[in-house]
Every structure is written in C-alpha cells, then in structure tokens.
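Working through the structure, step by step
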Amino acid sequence: MDKIALLFPGQGSQYVGMGQALCEAHPIAARTFEEASDALEFNLQTLCFAGDVQELIKTEHAQPAILTASVAAFRVYSEEMNIEPKWVAGHSLGEFTALTCAGAIQFADAVRLVYRRGQFMQAATPQGVGAMSAIFGLNVQLVEEICREHSRNDAIVVVANHNSADQIVISGHAHAVRQVEEACKQHGSTSVVSLKVSAPFHSPLMVQAAEQLHEELKRYTYCDPKWPVISNVTAQPYVHADQLVDLLTAQTTSPVRWQSTMDYLVKQGANTVIELGPKNVLTNLAKGYPLRAFAFDKQGEINRYQQELQDAKARNQAAIAQLVDSCIAIAVCTKNRGLDEEEYQQGVIAPYQALQQLRQQLEQGEKEGGYGDVREAFSLLRLIFQTKKAPDAEQAMRFDQLTSKSDLQQRFPEIGNEWQAS
C-alpha cells in the first residue's frame, strides 16, 4: 500500500512554458493561474507560458510562478488521483507550497507572500555581490570546514543546502564562494557548478530579507496543516500553525536540510514520492532512496502513475478475492455447534451470502480491493464462527491459514491485528 510524500520544488525549477500543458488539459489548473494573477494584479499565466525568460527568472517573479505551477499540479493530482498523502515537504520556496497545499496558508496569501519574499531576497544584496555553487562528491562536514576556513567578516560563505549525500550547495559573497569552489576541487570534488541565481540564498547575507519577511508573515492568518509538513530548518514536521512565522523566517538564512528531510520520510515508512511542480529536481535527488518517484510536470508521468495505480488495484482485488474464497471454504467446513435455527439463518446463511456477494463485486471491479474489503471479509467470517460456536483455538488456526496462503500480509502489514479487532 502506497505511503505517499508529496514534494514541491524551489527556485531554479522555473522555465518558460511551465504549467501550460496542465492548464490545457485540466480546467482546475487554469483556474489556479487565474487566482494567482488576481492576487498579484498582473498576468502570471502569460509570464509563465510565453514571457521573457529574463523576467521569469527574477526572484520576485520566479517564486510566485513556481508556487502557482506547483499548486496547480497538486490540485490536478487531488482531482485525478484522490489519494491523500501521508506527508508533504518542499525545498526552500517549496516549503511555502507544501504549507499551502496542506491548508496552513491560503493560496492567495501564499502567492502574495512569496512575491514579497522574492523582493526582500533580491534587495538584500546588490547584484553580483553574492553567489551560489553546487559541490558534488564531498561530504557536508568537509564542505562546512572548507567554508569556515575561507570565511571572514567581509567574505562570508556557508553551506546553504544539504541536498543529498553527494550534492552540497554553498552560498555567500561571490569572491568567497569562488575560493571555496577551488578548495573543493583540490579536495577531490567530482564537479563544481556555479548556479544561475540572483542572490546568495540561505546565508547570513539574507538577514535583512529575513527581518522584512518576519514582519510580512505576521500580517497573515494561518491554520494547522492537515498533513505533516516537514520544515527545512528542523527536518521535522510542523506541529502547530503558530510555528509558521518563526520557522519560515529562520529558513531564509538557515541551510535547507533536504537530505535529513528525505531520511526522515524513509524512516517514517514513505515508499512513494511525487514531485508536484516544474521539472524533476527533487525526483532526481530521491534516486538514492528505496522509493518509487514520479514527477508530475509532464502528462506522461501522470499517466504512468495512474497505470501503476490501476495495476496495483487489480492485483489487490485478485488477492482479496482469493482471501474471500478461502473464507467461504472455511465457513462451509467449520462444524456447527449451535442449535438455534433463527440464529443460524442470521449468523451463518446471511454472512455466507454476503461473502459470496463480496467475491462477485471484487471480480467485477465494483470493489476497490482495499483494506476495508479485508476487514469486511474477516468480520463476516467471525460472525459465522461465533454463530457456529467454533472454539477460539480453531478460529486462530483458521486465521493463520488465511494469511499464510496469500501475500496480503505484505500488502497490508496491519492485517496481523485485524482478526483480534474484527
């Protein structure tokens, strides 16, 4: 059974044309862009679909654009799949998207917030003063040590993103970043890539932006998220809405703990991640984990996931139908120790017929093949046992037979406790 985490990308994933295919195929996506344009009082859809790339990459434009494209993808996902996630998480800007999709921030408020966030971040340092680079092939502890060695009051450079075991992003004054790049190469970095960004995000150079964002955040009202949203700062879920202002403020100058976020999700039992938004940066970062990963930027990925869901549903239906067949067989061969004819009619004949009906519904695809069908089968068989006055030891033995003959234990780990609860 899928335990899904939805992931939302950050700045840098934008491109001209993002969201267009979704809007053409899904009216709800088009309405999302219209809502954002109304909130911003300029045509965000035109900027995203056919705008000048130099305008789109401006921080104050890129942030609401990516958030809107991601929320549009989330709404399409919700409408098409109707499967709630167990967790949501977003990389940097994507944390605002995650909180929005979890109901903690109103969409129109989120669009305005990240537009202002982009303005604050862009104004925090003059153009060309800051820089960011991705370092590959070195561990975070070594990169942090190199940054400390090259940092002074007038030359700040820090680790900004712990993206993966193999990818660390540094941020700070441009000349200090260049020095650390060279030092990382000397220490054996497999690749160093200067990022095309307009400001040194997630560094102490963003203190002014953080202070301004803090005041802006206090102007809005928030709700508790309906799913666990993982914070970039703590790599742990938000607990209450009153954490949003402080954590989103701290995120502006703190490193993005993405590797720790992914470690947390895997430890909690996530087995599927779905990236909702432009490109597939986060899907690529998930490749080192035991996870099924899908990027919903393209219709093809949506189709692929839908097909997997249909295939899994068919397998579940077949497995549960086999279980129901076994329940029917056990019901027939269990000795009847009861004497009341009316009880027999209500407690044996009626549930036996209900088992047959459940089997037919599974075969015809009228039942989803979910855990509720397992519970229904067990409940009916339990009633037959009770009416026939089967001993507890015999019931336990039959239950063991049922689970050992199918792969339902693997599909539904909670099945081990279900017999006692039925």
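Computed from a predicted structure; not experimentally measured. (Residues numbered from 1 in each chain as written. Predicted model: local features only at pLDDT ≥ 70, side-chain atom pairs only at ≥ 80, totals over all residues. Heavy atoms only, no water.)

Let us now look at the pairing of strand E8 (residues 272-275). The alternating pattern of E8 places Thr272 and Ile274 and Val273 and Glu275 on opposite faces, both of which are buried. Relative to E8, strand E1 (residues 4-8) is paired through 4 bridges, and the arrangement is parallel. Within E8, the residue paired with Leu7 across the bridge is Glu275. The sheet contact formed by E8 and strand E9 (residues 292-295) spans 4 bridges and is parallel. Bridging from a neighbouring strand, Ile274 pairs with Phe294 of E9. (Buried < 20%, exposed > 50% of the residue type's maximum accessible area, 1.4 Å probe, protein only. Helix = DSSP H or I, 4+ residues; strand = E, 2+ residues; numbered from the N terminus. Pairing = 2+ DSSP bridges.)

To continue, consider the environment of Gln212. In this fold, Gln212 is placed in helix H10 (residues 207-217). When the C-alpha atoms of Gln212 and Asn316 are compared, they prove to be 52 Å apart, with 104 residues separating the residues in sequence.

Applying the stated rule across the entire model yields 0 disulfides. Cys223 takes part in no disulfide bond, and the closest cysteine sulfur to it belongs to Cys101, at a distance of 14 Å. Residue classification places Cys223 among the partly exposed residues on the basis of a relative accessible area of 38%. No disulfide involves Cys327; its nearest neighbouring cysteine sulfur is the one of Cys333, lying 11 Å away. (Disulfide = S-S within 2.5 Å.)

With that settled, the discussion passes to the UniProt feature "domain: Malonyl-CoA:ACP transacylase (MAT)" (unreviewed entry) in the chain. Annotation from UniProt places "domain: Malonyl-CoA:ACP transacylase (MAT)" (unreviewed entry) at residues 7-301. Annotated as 48% helix and 14% strand, the span residues 7-301 places its first and last C-alpha atoms 15 Å apart. (UniProt positions renumbered as here; feature names shortened; annotations may be inferred.)

This paragraph deals with unusual backbone geometry. Positive phi, normally seen in glycine, also occurs at Asn82, with a value near 55°. Within the element layout of this structure, Asn82 appears in the loop between helix H5 (59-81) and strand E2 (87-90). Asn82 gets classed as exposed once you look at its relative accessible area, which sits at 68%. Phi at Lys389 is positive, roughly 60°, even though this residue is not glycine. Locating Lys389 in the fold gives a position in the loop between helix H16 (371-388) and helix H17 (392-404). Owing to a relative accessible area of 48%, Lys389 belongs among the partly exposed residues under this scheme.

Grouped together as the largest cluster of nonpolar side chains are 72 residues, with contacts concentrated most on Leu6, Ile105, Tyr222, Ile274, Leu276 and Phe296. Here the element with the most residues in this core is H5; it accounts for 11 residues. Judged by nonpolar contacts, the second largest core, of 24 residues, contains Ile320, Leu323, Ile328 and Leu381. (Core = buried A, V, L, I, M, F, W, Y, C linked by side-chain atoms within 4.5 Å.)

Time to look at the sheet that holds strand E5 (residues 167-173). Here we have 4 strands laid out as an open sheet, ordered E4-E5-E3-E6, and antiparallel in their pairing. In this open sheet, the two strands that pair with only one neighbour each are strand E4 (157-164) and strand E6 (191-194). The average undirected angle you get between the axes of adjacent strands in this sheet is 25°. Taken together, the 7 bridges between strand E3 (residues 130-136) and E5 define a ladder with antiparallel strand orientation. The residue of E5 that forms the bridge with Ala131 is Gly172. (Axes fitted to C-alpha atoms, helices over the stretch in contact; angles between N-to-C directions.)

This part covers the layout of surface pockets. In this structure, the second largest pocket spans a volume of roughly 860 Å³. Lining the second largest pocket are 34 residues, and of these Gln11, Gly12, Ser13, Leu195 and Val197 sit closest to its centre. Residue assignment for the lining of the second largest pocket shows that the elements contributing at least two residues are helix H7 (107-124), E3, E4, E5 and helix H13 (281-285). Of the residues belonging to the lining of the second largest pocket, the class tally is 14 nonpolar, 16 polar and 4 charged. (1 Å grid on protein atoms, 1.4 Å probe; cavity = no way out; pocket = protein on both sides within 12 Å on 5 of 7 lines; lining within 4 Å. Points joined across faces, edges and corners; volume = space filled by probe spheres on them. Nonpolar A, V, L, I, M, F, W, Y, C, P; charged D, E, K, R; others polar.)

Turning to the side chain of Glu275, a few remarks are in order. Following the sequence through the fold, Glu275 ends up in strand E8. No salt bridge is formed by the buried Glu275; its nearest oppositely charged neighbour, Lys287, is found at 10 Å. A distance of 3.2 Å separates a polar atom in the side chain of Glu275 from the backbone nitrogen of Leu282. There is a polar contact of 2.6 Å between the side chain of Glu275 and the side chain of Thr283. Filtering out sequence-adjacent residues up to four positions away, Glu275 remains in contact with Leu7, Pro9, Asn280, Val281, Leu282, Thr283, Phe294, Ala295 and Phe296. (Lys, Arg positive; Asp, Glu negative; His and termini not counted. Salt bridge = Lys/Arg side-chain N within 4 Å of Asp/Glu carboxyl O. Polar contact = N/O pair within 3.5 Å; in protein donor to acceptor, adjacent residues only side chain to side chain. Contact = heavy atoms within 4.5 Å.)

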